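# Report on the structure
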Protein chains: 2
Amino acid sequence: MRATTIHAPFDIRVTEVPDAALRDPSDAVVRVTHACVCGSDLWAYRGVSKRKPGQRIGHEFVGVVDSVGPDVVTVRPGDTVIAPFVWSDGVCDFCVEGLHTSCAHGGFWGSPGSDGGQGEAVRVPYADGTLVKVPEGTDPALTPALLSLSDVMSTGHHAVIRALAGPGPGPDGWVAVVGDGAVGLCAVLAFRRLGARNIIALGRHPGRTAIATAFGATHIVAERGEAAVAAVRELTGGHGAHHVVEAVGTEESMRTALAATRDGCTVGYVGVPHGGSAGVDIADMFNRNVSLRGGVAPARAYIPELLADVLAGTLDPSPVFDMTVPLKDTPDGYAAMHERRALKVLIEI
Amino acid sequence: MRATTIHAPFDIRVTEVPDAALRDPSDAVVRVTHACVCGSDLWAYRGVSKRKPGQRIGHEFVGVVDSVGPDVVTVRPGDTVIAPFVWSDGVCDFCVEGLHTSCAHGGFWGSPGSDGGQGEAVRVPYADGTLVKVPEGTDPALTPALLSLSDVMSTGHHAVIRALAGPGPGPDGWVAVVGDGAVGLCAVLAFRRLGARNIIALGRHPGRTAIATAFGATHIVAERGEAAVAAVRELTGGHGAHHVVEAVGTEESMRTALAATRDGCTVGYVGVPHGGSAGVDIADMFNRNVSLRGGVAPARAYIPELLADVLAGTLDPSPVFDMTVPLKDTPDGYAAMHERRALKVLIEI
């Protein structure tokens, strides 16, 4: 079968790889119909995150179940399914608590020895604990929205859940999102979905801020760094926002998010940290009682709730996809995202 | 009048200073009867925190109101009062929200231009917003417990509030306290007060761990660093504690606290950060969804609730005081705490 592989920085290819096949009794094989490129894939693309030459890549996909092992009971061949960006056994303490990303048997698509999402098929370990079935008869036009639940919308939702659960007035207060990538935009949508009425989106790319506005942002701050913090404070009566999402992962974005947060309130962060802890000013956090909460999103815990809203027509993150390529042109998709010509690329297999 | 002043590292004196006097209509002058030395005072003593030569020091005190300005309505001359370790106006947004430490008009005893707590009297700005009156007829034997509310017990309580408010089972789960200083011990007491039943205290000083046990610790971990983390994980079924307090402020203690925390759970930190952010491993926090919440304790918000328990006889943090000196011997108190001969020194004025 064909799948996307990474060989060196900026060297992404679509190559022949061994067919995905059942191995363990709890496995399923899913024929991928749609995948996409994540902002975090770009860290590998740029060589910042190391990969083995020839390693598989891609961790977001929807598809149709091709075959299942004898222990699988929740999905059958022919079912359309959403895969969260990590697999999980579904039965350990952490999975039961909703933190599937800490499952002791969990793993990340494309890690050595596993299939990546950007390919024709994937062996799915712990299919019952991992896959979420999409009801039969679902409108195919919803597929991009379903695909977004695999990672980007679930991740934006996670950031918002973390930011809102801290001290502060909740959705009635001021909320802000640092980062105008697809995750940041989904966080705007998640804030709106959970009732926020004063939503500040920080971003300067007109196409992206237009999506932010469509997703519910009431204020756009185009400044960066200290000027952005000053703008947020000006909007919020001098004090900063109550609930702030950090959706980039750089030192600067973390610094901006913490500084833009009102004393006593909370940053929810989901940007994969690439700046180390340098952006975490613990002395300022201490003096102002600012909390820091976040991490890798347990998408599997969120998909059922978000899926219900997608099916009901009340949640549509699909505008984050602004470019579609066939599998063979996946490298072009990476280049387009790297060069910021595309916000997020959907891959039709 | 006489008050404690700091002149250089390890040079603490009791000297003549100008008498405390009313200046603004909302001021009170409090004749200090009891003060104490804080672990954070030792950072100044050791020269790590810079002070102006001759600067006043001390931020924990109880006393009797000597005089009040014309705007003061909640306390009268002759009232016994507890002073939180910062003053606050009591009416701004932050004070109303219970975050008196972020009051725009607030300040710290002993900062340049203000009186310190380790002296014969203190001018108290915003007396109505700052002081908490102790009921007439209160047993003088409770004075050390009342004094502990000024900072150390309120700070331990704050750490626990922050740690418990995060994800996790709350008091029914495993809780742990990193640090066997007076604040850490008060955090043990605060966990117990709020219903925790499985309380791990990390510390190796036998006199202190004995207090921890008396305060409610059910398990003592004497190891440090990675060995301490391993011991906590062993006690907790391999996963770490649900609610962890960091009560030291060093890089190592923060690292230990975060690593000893179960995935998805929370560190409440109140140790004044002296290690910068080096102990904050943001990548590990991200991968495991560990939250970091804490900061300078809004003691003024907590004192009424804690005072009620002290008066009811259900809360007694006074065992943290294991040495008492008269004002003139305050320098000996600093030396004793610096050399770990004393846990916390009470000063009788």
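Predicted model, so just to flag it, every value in this text is computed and none were measured.

Time to look at the overall build of chain A. What chain A contains, in helices and strands, is 12 helices and 18 strands. Its C-alpha radius of gyration of 20 Å places chain A within 12% of the 20 Å reference for a compact globule of 349 residues. Of the contacts formed within chain A by residues at least 6 apart in sequence, a portion of 70% connects residues at least 24 apart.

Time to look at the pairing of strand β3 (residues 28-36) of chain A. Residues and elements named next belong to chain A. Of all nine residues making up β3, seven are buried, and the element is well covered by its neighbours. One ladder, built from seven bridges, connects β3 with strand β5 (residues 61-68); its direction is antiparallel. The residue of β5 that forms the bridge with Val-30 is Val-65. By the bridge criterion, four bridges tie β3 to strand β9 (residues 121-124) in an arrangement that is antiparallel. Bridge pairing in β9 links Val-30 to Val-122. Here three bridges tie β3 to strand β18 (residues 345-348), and the two strands are oriented antiparallel to one another.

Residues and elements named next belong to chain B. With respect to topology, three strands assemble into an open sheet ordered β2-β1-β4, the strand pairing being antiparallel. Looking along the sheet, the strands with just one partner apiece sit at the ends: β2 (11-16) and β4 (55-56). Pairing of strand β1 (residues 2-8) with β4 involves two bridges; the strand directions are antiparallel. Paired with Thr-5 across the two strands is Arg-56, which belongs to β4. Against the sheet, helix α12 (residues 330-338) engages β1 and β2, with an angle of about 160 degrees to β2.

Turning our attention to the relation of the copies chain A and chain B. You can overlay chain A on chain B at an RMSD of 0.0 Å; the transform is a turn of 180 degrees with a shift of 0.0 Å along its axis. On this basis, the relationship between the two copies can be described by a two-fold rotation axis. Scanning chain A for the C-alpha nearest the rotation axis identifies Leu-292 of chain A, at a separation of 2.6 Å. With an isologous cut-off of 70% or more, the 100% of interface residues of chain A that recur at the interface of chain B puts this contact in the isologous class.

The interface of chain A with chain B comprises 26 residues on the first partner and 26 residues on the second. Going through the elements one at a time, α2 (93-97), β15 (261-269), α10 (282-288) and β16 (291-294) of chain A are the ones with two or more residues in the side of chain A that touches chain B. Top contributing element to the side of chain A that touches chain B by residue count: α10 of chain A, with six residues. Looking at the side of chain A that touches chain B residue by residue, the class counts come to 11 nonpolar, 10 polar and five charged.

Residues and elements named next belong to chain A. Its location among the elements puts Gly-216 in the loop between α7 (206-215) and β13 (219-221). C-alpha of Gly-216 to C-alpha of Pro-317: the two residues are 101 residues apart in sequence and 12 Å apart in space. Residues contacting Gly-216, with those up to four places away along its chain left out, are Val-188, Leu-189, Phe-191, Arg-192 and Ile-199.

This part covers the sheet that holds strand β2 (residues 11-16) of chain A. Strand order across the open sheet formed by three strands is β2-β1-β4 (chain A), with antiparallel pairing between neighbours. Edge positions in the open sheet fall to β2 and β4 (55-56) of chain A, since each of these has one partner strand only.

Residue and element names in this part refer to chain A. Looking at the assigned domains, one finds that chain A contains domain 1 (2-151 + 298-348) and domain 2 (155-294). Placing a centre on the C-alpha atoms of domain 1 and another on those of domain 2 gives a separation of 27 Å. Residue assignment for the side of domain 1 that touches domain 2 shows that the elements contributing at least two residues are α1 (39-45) and α11 (299-312). Considering each element in turn, the side of domain 1 that touches domain 2 owes the most residues, three residues, to α1. Across the side of domain 1 that touches domain 2, the residue classes break down as nine nonpolar, three polar and two charged.

This next bit is on unusual backbone geometry. At Phe-10 of chain A, a position not held by glycine, the phi torsion is positive, near 65 degrees. Mapped onto the fold, Phe-10 of chain A is located in the loop between β1 (2-8) and β2. On the neighbour-count criterion, Phe-10 of chain A (13 C-beta atoms within 10 Å) is partly exposed. One non-glycine residue, Asn-289 of chain B, lies in positive phi territory at about 55 degrees. Relative to the elements of secondary structure, Asn-289 of chain B occurs in the loop between α10 (282-288) and β16 (291-294). When the 25 C-beta atoms within 10 Å are taken as the criterion, Asn-289 of chain B is described as buried.

Turning to the packing of helix α6 (residues 182-193) of chain B against helix α7 (residues 206-215) of chain B, a few remarks are in order. Residue and element names in this part refer to chain B. At their nearest, the axes of α6 and α7 sit 8 Å apart, and the two run at 15 degrees to each other. Taken together, the axis directions place α6 and α7 in an arrangement best described as roughly parallel. In this structure, the crossing between α6 and α7 has a hand that is right-handed. Contacts between α6 and α7 involve Leu-185, Val-188, Leu-189 and Arg-192 from the first element and Arg-208, Ile-211, Ala-212 and Phe-215 from the second. For the contact of α6 with α7, the per-class residue count stands at six nonpolar, no polar and two charged.

Our focus in this paragraph is the nonpolar core. Membership of the largest hydrophobic core comes to 220 residues, with the highest contact counts inside it found for Ala-176, Ala-187 and Val-188 of chain A together with Ala-176, Ala-187 and Val-188 of chain B. If sequence neighbours within four positions are ignored, Ala-176 of chain B has contacts with Ile-200, Leu-202, Val-232, Ala-241, Val-244 and Ala-260 of chain B.

Okay, α7 of chain B next. What sets the pattern is the α-helix's 3.6 residues per turn: residues three or four places apart point alike. Residue and element names in this part refer to chain B. Residues Arg-208, Thr-209, Ile-211, Ala-212 and Phe-215 constitute the buried set of α7. Viewed end-on, α7 has its buried residues packed into an arc of 155 degrees, placing them on one side of the element. Residues Pro-206 and Gly-207 are exposed on α7 and point more than 90 degrees away from its buried face. Residues of α7 that are buried in the fold lie against α6, β12 (198-202) and β13 (219-221). Backbone geometry just downstream of α7 places Gly-216 in the positive-phi region, at approximately 125 degrees.

The subject of this paragraph is the packing of helix α5 (residues 152-165) of chain B against α6 of chain B. Two quantities define a packed helix pair, namely the angle between the axes and the distance from one axis to the other. Residues and elements named next belong to chain B. Orientation of α5 relative to α6, taken along the N-to-C sense of each, is 60 degrees, at an axis distance of 7 Å. When the axes of α5 and α6 are compared, the pair comes out oblique. Pair α5 / α6 crosses with right-handed handedness. Between α5, through Val-152, Met-153, Thr-155, Gly-156, His-157, Ala-159 and Val-160, and α6, the contact on the second element is made entirely by Ala-182, Val-183, Cys-186, Ala-187, Leu-189, Ala-190 and Phe-191. Tallied by class, the residues present in the contact of α5 with α6 amount to 11 nonpolar, three polar and no charged.

Here the focus is the environment of Thr-138 of chain B. Here Thr-138 of chain B shows up in the loop between β10 (132-134) and α4 (143-148). With residues near it in sequence (within four places) discarded, Thr-138 of chain B still touches Thr-80 and Leu-311 of chain B.

Conventions and cut-offs
- Residues numbered from 1 in each chain as written.
- Chains lettered and ligands numbered in written order.
- Predicted model: local features only at pLDDT ≥ 70, side-chain atom pairs only at ≥ 80, totals over all residues.
- Helix = DSSP H or I, 4+ residues; strand = E, 2+ residues; numbered from the N terminus.
- Rg over C-alpha atoms; globule rule 2.2 N^0.38 Å.
- Contact = placed C-beta atoms within 7 Å.
- Buried ≥ 20, exposed ≤ 12 C-beta atoms within 10 Å, placed from the backbone.
- Pairing = 2+ DSSP bridges.
- Axes fitted to C-alpha atoms, helices over the stretch in contact; angles between N-to-C directions.
- Least-squares fit on C-alpha atoms with pLDDT ≥ 70 in both.
- Nonpolar A, V, L, I, M, F, W, Y, C, P; charged D, E, K, R; others polar.
- Domains from an automatic or database assignment.
- Parallel < 35°, antiparallel > 145°, perpendicular 65-115°, else oblique.
- Left-handed = near helix turned anticlockwise from the far one by under 90°.
- Core = buried A, V, L, I, M, F, W, Y, C linked by C-beta atoms within 7 Å.
- Arc of directions from axis to C-beta.

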